Amino acid sequence: MAVDHDRLFKELITTFFEEFLLLFFPHVHEHIDFQHVSFLSEELFTDVTAGEKYRVDLLVETKLKGEDSLIIVHIENQSYVQPSFPERMFIYFSRLFEKYRKRMLPIAVFSYDYLRNEPSSFTLQFPFFDVLQFRFLTVELRKQNWRDYIRHDNPIAAALLSKMGYTESERVELKKQFLRMIVRMELDEAKQRLLIGFFETYVKLSDEEEQQLRNEVNEMETKEKERVFELMISYEKKEKRNIAKRMLDKGYDVHTIHELTELPVEEIEELKERSQSP
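Residues numbered from 1 in each chain as written. Predicted model: local features only at pLDDT ≥ 70, side-chain atom pairs only at ≥ 80, totals over all residues. Heavy atoms only, no water.

Colleague: So what exactly am I meant to see when it comes to the nonpolar core here?
Modeller: Nonpolar side chains in soluble globular proteins tend to end up buried together. In terms of nonpolar packing, the biggest core is built from 59 residues, with Phe-20, Phe-24 and Leu-161 touching the most fellow members. Broken down by element, this core gets its largest block of residues, eight residues, from helix α6 (residues 171–185). If we skip the residues at most four places from it in the chain, Phe-20 touches Ile-13, Phe-25, Ile-75, Ile-107, Val-109 and Ile-156. (Core = buried A, V, L, I, M, F, W, Y, C linked by side-chain atoms within 4.5 Å. Buried < 20%, exposed > 50% of the residue type's maximum accessible area, 1.4 Å probe, protein only. Helix = DSSP H or I, 4+ residues; strand = E, 2+ residues; numbered from the N terminus. Contact = heavy atoms within 4.5 Å.)

See below:
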């Protein structure tokens, strides 16, 4: 199944909007009044020339500290290389400004797995006159050194380690540091699951790597080790239950599900009864 990158990023940044700005754009964060934040409905635009439809990822209506007027922050995740992206950002800006007539701050998050020098502006000019210079803020995740972020007790930093510049040989250490961050932050279960689900969408360890991870976690200081193992076991159990539910929906028998998920037969029977109850 194809990954819906835009949906994942939208859910992550919607949940942790303030933390996102604090991490990547602290000069913006210090001016925003986070007591006044509302997420606007999705906007769908048609590019008549290209014959394509585009959906704006995230629109946030908020205020600056000490001001009464509203502003709009537009955050766009770009999960693939598109040479015309700056032009698309300008088109979004133009149409959104036409609709809302408010000051707007455009931000682009480049999340693909390549190293590129992405432009942060769109210009229209003649040899004799500059018509337009439209600029937007950017963060290029692949250019970020993940080790620079592991001391941040910031949920956005934890989740986006998975899209930063790590090597294949660093994958186990990356996940270990991610788990340590989650444990330190002491988030509620829903937020933990969001962050772990996001991370594991992009960083899937092999069985051998998972075993190496467990061995390294076992070398941690006792209290931290216990909390990390508890987190790992809790998430794995929930994932197995979700798999069992999907298998029941597809008609698999209880013993087959038990063999594949290693969940107790009694637990699978209970899931089956719940799924059949009106």
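Colleague: What should I look at first to understand the pattern of salt bridges in this one?
Modeller: One side chain can pair with another of opposite charge once the charged atoms of both are near each other. Taken as a whole, this structure holds 17 salt bridges when the rule is applied. The salt bridge partner of Arg-147 is Glu-170, with a shortest N-O separation of 3.5 Å. Residue Arg-147 is found in the loop between β9 (137–140) and α5 (155–160), and its partner Glu-170 is found in the loop between α5 and α6; the two are separated by 23 residues along the sequence. With a relative accessible area of 18%, Glu-170 lands in the buried category. The shortest N-O distance in the salt bridge between Glu-209 and Arg-171 comes to 3.0 Å. Of the two residues, Glu-209 is situated in helix α8 (residues 207–217) and Arg-171 in helix α6; the sequence distance between them amounts to 38 residues. For the pair shown, Glu-209 and Arg-171 are each scored as buried. (Salt bridge = Lys/Arg side-chain N within 4 Å of Asp/Glu carboxyl O.)

Colleague: What is the right way to look at the packing of aromatic side chains in this model?
Modeller: Overall, the coordinates contain 19 aromatic pairs when judged by the stated rule. Following the ring pairs from residue to residue traces out a cluster consisting of Phe-85, Phe-90, Phe-93, Phe-97, Phe-110, Tyr-112, Tyr-114, Phe-122, Phe-134 and Phe-136. (Phe/Tyr/Trp six-rings, centres within 6.5 Å; stacked < 30°, edge-to-face > 60°.)

Colleague: What exactly am I supposed to notice about unusual backbone geometry here?
Modeller: Note: most peptide bonds trans; most residues except glycine with negative phi. A positive phi angle is found at Arg-101, which is not glycine, with a value near 50°. On the secondary structure map, Arg-101 appears in the loop between α4 (85–100) and β6 (103–110). Located in the positive-phi region is Glu-186, a residue other than glycine, with phi close to 50°. Its location among the elements puts Glu-186 in the loop between α6 and α7 (189–202).

Colleague: Can you walk me through the environment of Glu-266 in this structure?
Modeller: Among the secondary structure elements, Glu-266 is positioned in helix α11 (residues 265–276). With a relative accessible area of 61%, Glu-266 lands in the exposed category. In the structure, Glu-266 is positioned 12 residues away from Val-254 in sequence and 9.3 Å away in space, judged by C-alpha atoms.

Colleague: What is the right way to look at helix α2 (residues 17–24) in this model?
Modeller: One turn of the α-helix equals 3.6 residues, which is why residues spaced by three or four share an orientation. Among the residues making up α2, those that are buried are Phe-17, Phe-20, Leu-21, Leu-23 and Phe-24. With its buried residues spanning 165° around the axis, α2 presents them on a single face. (Arc of directions from axis to C-beta.)

Colleague: Help me understand the sheet that holds strand β5 (residues 70–78) in this model?
Modeller: Where strands meet in a sheet, backbone hydrogen bonds hold them as pairs that are either parallel or antiparallel. Spatial ordering of the open sheet is given by β1-β4-β5-β6-β9, a layout of five strands whose pairing is mixed. Every other strand in the sheet has two partners, leaving β1 (32–39) and β9 as the edge strands with one partner each. Adjacent strand axes in the sheet meet at a mean angle of 25° when their direction is disregarded. Across the sheet, helix α1 (residues 5–15) lies against β1, β4 (58–64), β5 and β6, angled at about 140° from β5, the strand it touches most. (Pairing = 2+ DSSP bridges. Axes fitted to C-alpha atoms, helices over the stretch in contact; angles between N-to-C directions.)

Colleague: Got a minute to help me understand the side chain of Gln-144 in this structure?
Modeller: Residue position: Gln-144 is located in the loop between β9 and α5. At 2.7 Å, the side chain of Gln-144 forms a polar contact with the side chain of Tyr-149. Setting aside residues up to four positions removed in sequence, Gln-144 forms contacts with Val-139, Tyr-149, Met-164 and Gly-165. (Polar contact = N/O pair within 3.5 Å; in protein donor to acceptor, adjacent residues only side chain to side chain.)

Colleague: Explanation requested: the packing of α6 against α8 in the structure shown.
Modeller: Two numbers describe a pair of packed helices, the interaxial angle and the distance between the axes. Interhelical geometry of α6 versus α8 gives an angle of 50° and a closest axis separation of 10 Å. In terms of orientation, α6 and α8 fall into the oblique class. Between α6 and α8 the crossing geometry is right-handed. Contact residues: α6 offers Arg-171, Val-172, Glu-173, Lys-175, Lys-176 and Leu-179, while α8 offers Glu-209, Glu-210, Gln-212, Leu-213 and Glu-216. Looking at side-chain class alone, the contact of α6 with α8 contains three nonpolar, one polar and seven charged residues. (Parallel < 35°, antiparallel > 145°, perpendicular 65-115°, else oblique. Left-handed = near helix turned anticlockwise from the far one by under 90°. Nonpolar A, V, L, I, M, F, W, Y, C, P; charged D, E, K, R; others polar.)

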